[in-house]
2 protein chains.
Amino acid sequence: MDFKQFIRTIPDHPKPGILFRDVTTLMANAEALKHAIDAMAAPFRAQKIDQVAGIDARGFILGGALSVELGAGFTALRKPGKLPWQTYREEYELEYGTDELHMHTDAIKPGDKVLLVDDLIATGGTAGAGLNLLQRAEADVIAAVFLVDLPDLGGANRLRQQGVDVHSLMEFEGH
Amino acid sequence: MDFKQFIRTIPDHPKPGILFRDVTTLMANAEALKHAIDAMAAPFRAQKIDQVAGIDARGFILGGALSVELGAGFTALRKPGKLPWQTYREEYELEYGTDELHMHTDAIKPGDKVLLVDDLIATGGTAGAGLNLLQRAEADVIAAVFLVDLPDLGGANRLRQQGVDVHSLMEFEGH
């Protein structure tokens with residue numbers, strides 16, 4: 001399936017010069033969503049994935065579906081103040097300032113086979129923080145999986161340099 | 001399956017006197033998550049659901065899984081500033097002040113059969129705003145579906161008074 005045709009590109013959003021890749025139009029299409037989840041799950045069907053860790057918030061949509069598809073549990077990687085129990089926290093850089101990602105300390109057991117999931121990887125700041133959270137819990141991170149990769153921004157390669165397998169269904173040039 | 005055993009209750013969170021019902025522990029359990037999605041989907045398998053509309057952010061986890069389970073698309077109902085395209089907006093009351101929920105104006109076609117999904121219904125403020133968004137798009141709202149209902153807070157009954165069928169997998173007394 002040509003997944004790119006389902007992505008809406010919004011010029012100059014959120015600021016001039018940026019081509020925003022809107023994945024909501026793919027998710028709203030039942031056929032495209034089903035095929036995308038099938039394709040994201042396919043490389044991992046042969047092994048037992050314990051947890052799918054989805055990044056707040058679009059990674060939750062894909063991660064929830066992938067969890068059920070692969071017979072795994074779901075772990076939420078969330079913005080500060082959203083998880084009610086004890087958390088690990090990781091800070092990461094934004095263009096201006098920093099943000100944090102949190103994960104419940106009891107969400108992942110040491111040695112759990114985990115997939116990290118989000119809708120899009122750009123510079124990889126958020127995904128890198130997610131990877132750090134999973135590694136603090138001593139997860140066995142099998143791969144990071146995305147709908148969209150913007151390879152010119154280098155995030156996927158940065159994750160690979162940290163030793164993680166990275167998969168995506170499509171790439172767009174530029175940013 | 002006794003779903004209640006998978007919910008973690010956190011006393012005095014987020015403030016004294018509140019028993020917080022933490023659904024992340026159910027979602028982290030692969031068996032419980034799979035059974036919960038099966039049970040949430042079961043009443044709707046016989047009809048063609050077009051869209052599952054999930055509420056930001058825990059409703060995304062369940063809604064993503066339900067979309068694929070039912071062969072539907074996924075529509076995101078989000079906090080302000082999160083959707084990149086033109087949106088409908090609905091304001092709703094919080095304990096102190098108000099908040100807003102947004103939906104892309106082209107997410108739902110008139111007559112689409114839609115399920116509204118979130119993890120928990122309490123007073124029903126957010127779900128009511130979601131329902132209003134769907135009705136502005138002229139959706140045929142088949143039901144609102146939740147993991148947890150807190151019936152003492154009256155939200156499920158308020159939705160029923162608006163003519164919507166409401167389903168939940170478990171109820172807890174109090175708030």
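Keep in mind the model is a prediction, meaning the values are calculated, not measured.

Caption draft 1: Summary view of the sheet that holds strand β3 (residues 51-55) of chain B. Residue and element names in this part refer to chain B. Read across the open sheet, the five strands follow the order β4-β3-β7-β8-β9; overall the sheet is parallel. Strands at the two margins of the open sheet, each flanked by one partner only, are β4 (73-77) and β9 (166-171). Adjacent strand axes in the sheet meet at a mean angle of 20°, parallel and antiparallel pairs treated alike. Alignment of β3 against strand β7 (residues 113-121), held across four bridges, turns out to be parallel. Bridging across to β7, Val 52 finds its partner in Leu 115. Its contacts with the sheet place helix α3 (residues 58-70) against β3, β4, β7 and β8 (140-149), and it is angled at close to 145° to β7.

Caption draft 2: Here's a closer look at the confidence of the model for chain A. With 100% of its residues at a pLDDT of 70 or more, chain A shows a mean pLDDT of 97. Scored as a complex, the prediction yields pTM 0.98 and ipTM 0.98.

Caption draft 3: Highlighting the interface of chain B and chain A. Counting residues at the interface gives 35 residues for chain B, matched by 35 residues for chain A. Note on chain B versus chain A: buried area summed over both sides is about 2700 Å², and carbon and sulfur give 65% of it. The interface formed by chain B and chain A holds two salt bridges in total. With its nearest N and O atoms 2.6 Å apart, the salt bridge here joins B:Arg8 to A:Asp106. Where chain B packs against chain A, one counts ten residue pairs in polar contact (both at pLDDT 80 or more). Contributions of two or more residues to the side of chain B that touches chain A are made by β1 (8-11), β2 (19-22), α1 (24-27), α2 (30-41), α3 and β4 of chain B. The greatest single-element share of the side of chain B that touches chain A, amounting to eight residues, is contributed by α3(B). Each residue belonging to the side of chain B that touches chain A can be placed in one class, and the counts come to 17 nonpolar, nine polar and nine charged.

Basis of the calculations
Residues numbered from 1 in each chain as written. Chains lettered and ligands numbered in written order. Predicted model: local features only at pLDDT ≥ 70, side-chain atom pairs only at ≥ 80, totals over all residues. Heavy atoms only, no water. Pairing = 2+ DSSP bridges. Helix = DSSP H or I, 4+ residues; strand = E, 2+ residues; numbered from the N terminus. Axes fitted to C-alpha atoms, helices over the stretch in contact; angles between N-to-C directions. Contact = heavy atoms within 4.5 Å. pLDDT = per-residue confidence, 0-100. Buried area = accessible area lost by both parts, 1.4 Å probe. Salt bridge = Lys/Arg side-chain N within 4 Å of Asp/Glu carboxyl O. Polar contact = N/O pair within 3.5 Å; in protein donor to acceptor, adjacent residues only side chain to side chain. Nonpolar A, V, L, I, M, F, W, Y, C, P; charged D, E, K, R; others polar.

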